[in-house]
Amino acid sequence: MVKIKTIAVGILQTNCHIIIHEATHKAIIVDPGEEGERIIQFLEDLSAVPQLIINTHGHGDHIGANSVIKEKYNVPIAIHQLDSIMLENPEVNLSAACGFPIVSPPADRLLEDGDEIELEDEIIKALHTPGHSPGGISLYLKPHLFPGDVLFKDSVGRTDFPGCSHERLVESIQNKIMTLPDDTIVYPGHGPSTSIGAERRNNPFLCGII
């Protein structure tokens, strides 16, 4: 069994999700975007024992606290291979254009579609869901989904950044996300949680594509 805890950080209120194994308190940190010291305090308050950082994609608002957390806990960083270049390049991760260049340590593990990440007896599956970025991934641990910035409550991810593709975003949502059960709980990169069923019924951006 796992429990999910979320803290919104930074100017863009990026959701940093903590997946905690209830029996051991071992934890995976998903998208530590900014405010590393605040995330560390959040982890301490939860008695969480970090094992891994996973970035759903490489944009600056999702990787900004990688350095601080890696230094504190000596944990590896995982990201899809196509977004790995973003970690160390502020131009590519878009943070330079925003006036606060972010450089993360390099990836320790490069993920591919279908890769499995172990958290004790739980298995998290990496689904390659490009569109918002070339190497965007969604993390599926039944009944939980962490889609990064691919899918939001009543919305979908932006595709007007370099490396984005609306067509690929639609394909990702159709083929990887909306094939999941309706009771799947969705924890987006920004904003409130939702469910696959709720988005199937209510998301105006999905009309005509699912």
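The rules behind these values
Counting starts from 1 at the beginning of each chain's written sequence and moves along it residue by residue. Confidence filtering applies because this is a predicted model: local features only for residues at pLDDT of at least 70, side-chain atom pairs given and counted only at 80 or more, and all residues used for totals across whole chains, interfaces and linings. In computing side-chain values, all of the structure's heavy atoms are included and hydrogens and water are not. The secondary structure listing takes helices from DSSP runs of H or I that are at least 4 residues long and strands from runs of E that are at least 2 residues long, numbered from the N terminus. The quantity called the radius of gyration is restricted to C-alpha atoms. Its globule counterpart is 2.2 Å times the number of residues to the power 0.38. Exposure categories follow from relative accessible area, calculated using a 1.4 Å probe and restricted to protein chains: below 20% of the type maximum is buried, above 50% is exposed, and the middle band is partly exposed. Any pair of residues with heavy atoms lying within 4.5 Å of one another is described as a contacting pair. Under this rule, positive means Lys or Arg and negative means Asp or Glu; His and the chain ends count for nothing. Where a charge lies is defined by one atom per residue type: Lys uses NZ, Arg uses CZ, Asp uses CG and Glu uses CD. Two strands pair if DSSP finds at least two bridges between them. Each polar contact in these results corresponds to two N or O atoms within 3.5 Å; when the atoms are within protein, one needs to be able to donate a hydrogen and the other to accept it, and residues that are neighboring in sequence are counted only if both atoms are side-chain atoms. One side-chain nitrogen of Lys or Arg within 4 Å of one carboxyl oxygen of Asp or Glu is enough to make a salt bridge. By convention a nonpolar core is built from buried Ala, Val, Leu, Ile, Met, Phe, Trp, Tyr and Cys residues, the set being connected through side-chain atoms within 4.5 Å.

Draft legend 1. Focus on the overall build of the protein. Of the regular secondary structure elements, the protein holds 5 helices and 14 strands. Since a compact globule built from 210 residues should have a radius of gyration of about 17 Å, the 16 Å found for the protein is in line with a globular shape. Oriented by its inertia axes, the alpha-carbon framework of the protein measures out at about 45 × 40 × 30 Å. Counting every position in the protein, which comprises 210 residues, the buried fraction comes to 54%. For the protein, restricting intrachain contacts to residue pairs at least 6 apart in sequence, the fraction spanning at least 24 positions comes to 59%. Once the 15 positive and 29 negative side-chain charges of the protein are each reduced to a mean point, those two points are 5 Å apart.

Draft legend 2. Local environment of the pairing of strand β8 (residues 122-128). Among the 7 residues of β8, 5 are classified as buried, and the element is accordingly described as predominantly covered. In this structure, strand β7 (residues 116-119) lies alongside β8, joined through 4 bridges in antiparallel fashion. Bridge assignment links Ile117 to a residue of β8, and that residue is Ile124. Counted along the chain from β7 to the antiparallel partner β8, the turn is 2 residues long, and its residue Glu120 has a positive phi close to 55°. Taken together, the 4 bridges between β8 and strand β9 (residues 137-141) define a ladder with antiparallel strand orientation. By the bridge assignment for β9, Ala126 is matched with Leu139.

Draft legend 3. The side chain of Ser195, seen in detail. Summarising the element assignment, Ser195 is placed in strand β14 (residues 194-195). A polar contact of 3.0 Å, which involves the side chain of Ser195, links it to the backbone nitrogen of Ala198.

Draft legend 4. Geometry of unusual backbone geometry. Between Lys142 and Pro143 the backbone carries a cis peptide bond, its omega angle lying at 5°. Take Pro143: it is sitting in the loop between β9 and β10 (144-146). Not every positive phi belongs to a glycine, and Glu120 is a case in point at roughly 55°.

Draft legend 5. Geometry of the pattern of salt bridges. Following the criterion strictly, the structure yields 6 salt bridges and no others. Here Arg158 ties to Asp160 by a salt bridge, and the two come within 2.8 Å at their closest N and O atoms. On the accessibility criterion, Asp160 (52% relative accessible area) is exposed.

Draft legend 6. Quick peek at the nonpolar core. Counting residues in each nonpolar core, the largest one holds 23 residues, and the members touching the most others are Ile18, Ile29, Ile39, Leu43 and Ile69. When contributions to this core are tallied by element, the ones reaching two or more residues are β1 (2-9), β2 (14-21), β3 (26-30), α1 (36-45), α3 (66-73) and β5 (77-80). Take this core: its biggest share by element is 4 residues, from α1. In this view, Ile29 contacts Cys16, His17, Ile18, Leu43, Pro50, Leu52, Ile53, Ile54 and Ile69; residues no more than four positions away in its chain are not counted. Of all hydrophobic cores here, the second largest spans 18 residues; its members include Ala78, Ile117, Leu119 and Ile124.

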